[in-house]
2 protein chains.
Amino acid sequence: MALIDELVKAFQVLPGVGQKTSQRMVLHLLQRNRNGGANLGDLLVRTMSNVRKCSKCQNFTEDPICRICSDANRDGALLCIVESAADVLAFEQAGGYNGFYFVLHGRLSPLDGIGPDELGLDELVRRIEELRPNELVLATNPTVEGEATAHYITQIIDDSIEKVSRIAHGVPLGSEIEYADGGTLTHALQGRRTIS
Amino acid sequence: MALIDELVKAFQVLPGVGQKTSQRMVLHLLQRNRNGGANLGDLLVRTMSNVRKCSKCQNFTEDPICRICSDANRDGALLCIVESAADVLAFEQAGGYNGFYFVLHGRLSPLDGIGPDELGLDELVRRIEELRPNELVLATNPTVEGEATAHYITQIIDDSIEKVSRIAHGVPLGSEIEYADGGTLTHALQGRRTIS
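The structure presented is a predicted model; accordingly, all values stated were derived computationally and were not measured.

A few words on the overall build of chain A. Counting secondary structure elements, chain A contains 8 helices and 7 strands. For chain A, the spread of C-alpha atoms along the three principal axes comes to 60 × 35 × 35 Å. When the 196 residues of chain A are sorted by exposure, 49% land in the buried category. Sequence-distant contacts, at least 24 apart, represent 58% of the contacts inside chain A between residues at least 6 apart. Of the roughly 9100 Å² of accessible surface on chain A, a fraction of 49% belongs to carbon and sulfur atoms. For chain A, the separation between the mean place of its 19 positive charges and that of its 26 negative charges on side chains is 8 Å.

Laid out in structure tokens, this is it:
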């Protein structure tokens, strides 16, 4: 198979990219931006092989400990639990939160066979014991599975944590955190309420 | 800058990809398809550095002469002139044409400063002298610039060519060949008419 045909096929691993879009991308790069295309290729190879999970928060990083977890200016009294790396990016871009994160990389979903073991909640318990935060902010998505995950986490943590909070329902129910605008996310954090 | 942030920025060289789409692509690959992502990166690097223009038809290829131009089963009596590499792909996917191509990589557009010299029409004249086709099929887009380009080409070629044809206006006027369906393109080729 010719190199261009292989590349057109390879681009279709991206979400939302089919045959026509892929062709358009390949020809656009060949015609107008070969340096940009080569740079993208180089970064893709390096990122796919070098990026692992942070040993503290499980977020994606090329370092053993990610930039957020190794930032001495962060508030160790706060630990925010999110479902995905995209949620961390959304909160960081919104601003207004200065604590640490823990990324679950999923949610409890018995129908899909994802229980507490598959989600690796023992890693979360270990991180809580290490950090000893005053407050745990449960920022799972406001969906059925996200709410169930938040509820389950309140039951497995010990009494050493003073406060467990849930982000406010400023985030529209049934939507995804990743797509909320910065203002909504900031209000959702400010309006968080104690649940146990 | 962290590797992931660099990659999110690098993805935005692609047409139609902004910050959010780029983030989604990067996290999708990291979470679900690292091999696919690494393969895409490797192919991108190789394609950007190895793909050049075919010495006969100017289409993109990693070989000195592309697969179509080096195919002995092609009909040397037909030469089809198109504006872009995407148009060759569209005709090949539609099927029904078995001659050779010549890719202009543009169209005459005086307002954008693209005249006969910028378009490299002397390359086309050289190719015609080499191939000596019986028929020249002008398949530039049915737009003002495409029509002007087709008209200009009829004036610079010599009398050795028996027939010069223009694809039929089965292709909707003002649209782009790249997006026409296979049936429309096949009819457009079959209904071509002699113009000089």
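With that out of the way, let us pick up helix α6 (residues 121–131) of chain A. Residues and elements named next belong to chain A. Burial in α6 covers these residues: Leu121, Leu124, Arg127, Ile128 and Leu131. Buried residues of α6, viewed axially, fall in a sector of 110 degrees; they line one side. Structurally, α6 contributes buried residues whose contacts are with β3 (75–82), β4 (99–103), α5 (116–119), β5 (135–138) and α7 (144–156). Positive backbone phi, at 50 degrees, marks Arg132, one or two positions downstream of α6.

Split by domain assignment, chain A resolves into domain 1 (3–50) and domain 2 (60–194). Just the C-alpha atoms count here: the centres of domain 1 of chain A and domain 2 of chain A sit 33 Å apart.

For the rest of this paragraph, the subject is the pattern of salt bridges. All names here are of chain B. Scanning all chains against the criterion turns up 22 salt bridges over all chains. In this structure, Arg74 and Glu92 form a salt bridge, with 2.6 Å as the shortest nitrogen-oxygen distance. Here the residue Arg74 occupies a position in the loop between β2 (60–61) and β3 (75–82), and Glu92 occupies one in helix α4 (residues 85–94), the gap between them amounting to 18 residues. Here Glu130 makes a salt bridge to Arg127, at a shortest N to O gap of 2.6 Å. Of this pair, Glu130 and Arg127 both sit in helix α6 (residues 121–131), 3 residues apart, which is roughly one turn of that helix.

Right, let's talk about the relation of the copies chain A and chain B for a bit. Expressed as a screw transformation, the operator carrying chain A onto chain B has a rotation angle of 180 degrees and an axial translation of 0.0 Å, and the superposed copies differ by an RMSD of 0.0 Å. When the rotation and shift are considered jointly, the pair of chain copies conforms to a two-fold rotation axis. Taking C-alpha positions as the reference, the residue of chain A nearest the rotation axis is Gly41 of chain A, at 1.8 Å. In this assembly the copies share their binding face: 100% of the residues contributing to the interface of chain A also contribute to that of chain B.

Residue and element names in this part refer to chain B. The strand order β4-β3-β5-β6-β7 describes an open sheet built from 5 strands, whose pairing is mixed. The sheet is open, and its two edges are formed by β4 (99–103) and β7 (193–194), each paired on a single side. Judged from the 4 bridges that link them, strand β5 (residues 135–138) and strand β6 (residues 163–166) form a sheet pairing that is parallel. The partner of Leu136 across the bridge, within β6, is Val164.

Let us now look at the packing of aromatic side chains. Residue and element names in this part refer to chain A. What the rule picks out here adds up to 2 aromatic pairs over all chains. A centroid spacing of 5.1 Å and a plane angle of 55 degrees characterise the contact between Tyr97 and Tyr101, whose relative ring orientation is tilted. Residue Tyr97 shares its accessibility class with Tyr101, and that shared class is buried. The ring of Phe100 has Arg127 lying over it, and the distance from NZ or CZ to the ring centre is 5.7 Å.

Right, let's talk about the interface of chain A and chain B for a bit. Of the residues lining the interface, 52 residues belong to chain A; the matching set on chain B comes to 52 residues. Across the chain A/chain B interface, buried area totals approximately 5100 Å², and carbon plus sulfur atoms make up 69% of it. By the criterion of area lost to chain B, the three top residues of chain A are Leu3, Arg34 and Met48 of chain A, representing 14% of everything that side buries. At the level of elements, α1 (3–10), α2 (19–32), α3 (34–50), β2 (60–61) and α4 (85–94) of chain A are the ones that each hand at least two residues to the side of chain A that touches chain B. The dominant element in the side of chain A that touches chain B, judged by the number of residues it contributes, is α3 of chain A, at 15 residues. Among the residues making up the side of chain A that touches chain B, the classes are represented as 27 nonpolar, 15 polar and 10 charged.

Conventions used here
- Residues numbered from 1 in each chain as written.
- Chains lettered and ligands numbered in written order.
- Predicted model: local features only at pLDDT ≥ 70, side-chain atom pairs only at ≥ 80, totals over all residues.
- Heavy atoms only, no water.
- Helix = DSSP H or I, 4+ residues; strand = E, 2+ residues; numbered from the N terminus.
- Buried < 20%, exposed > 50% of the residue type's maximum accessible area, 1.4 Å probe, protein only.
- Contact = heavy atoms within 4.5 Å.
- Areas by Shrake-Rupley, 256 points an atom, 1.4 Å probe, with all protein chains shown as cover.
- Lys, Arg positive; Asp, Glu negative; His and termini not counted.
- Charge placed at Lys NZ, Arg CZ, Asp CG, Glu CD.
- Arc of directions from axis to C-beta.
- Domains from an automatic or database assignment.
- Salt bridge = Lys/Arg side-chain N within 4 Å of Asp/Glu carboxyl O.
- Least-squares fit on C-alpha atoms with pLDDT ≥ 70 in both.
- Pairing = 2+ DSSP bridges.
- Phe/Tyr/Trp six-rings, centres within 6.5 Å; stacked < 30°, edge-to-face > 60°.
- Lys NZ or Arg CZ within 6 Å of the ring centre and 35° of its normal.
- Buried area = accessible area lost by both parts, 1.4 Å probe.
- Nonpolar A, V, L, I, M, F, W, Y, C, P; charged D, E, K, R; others polar.

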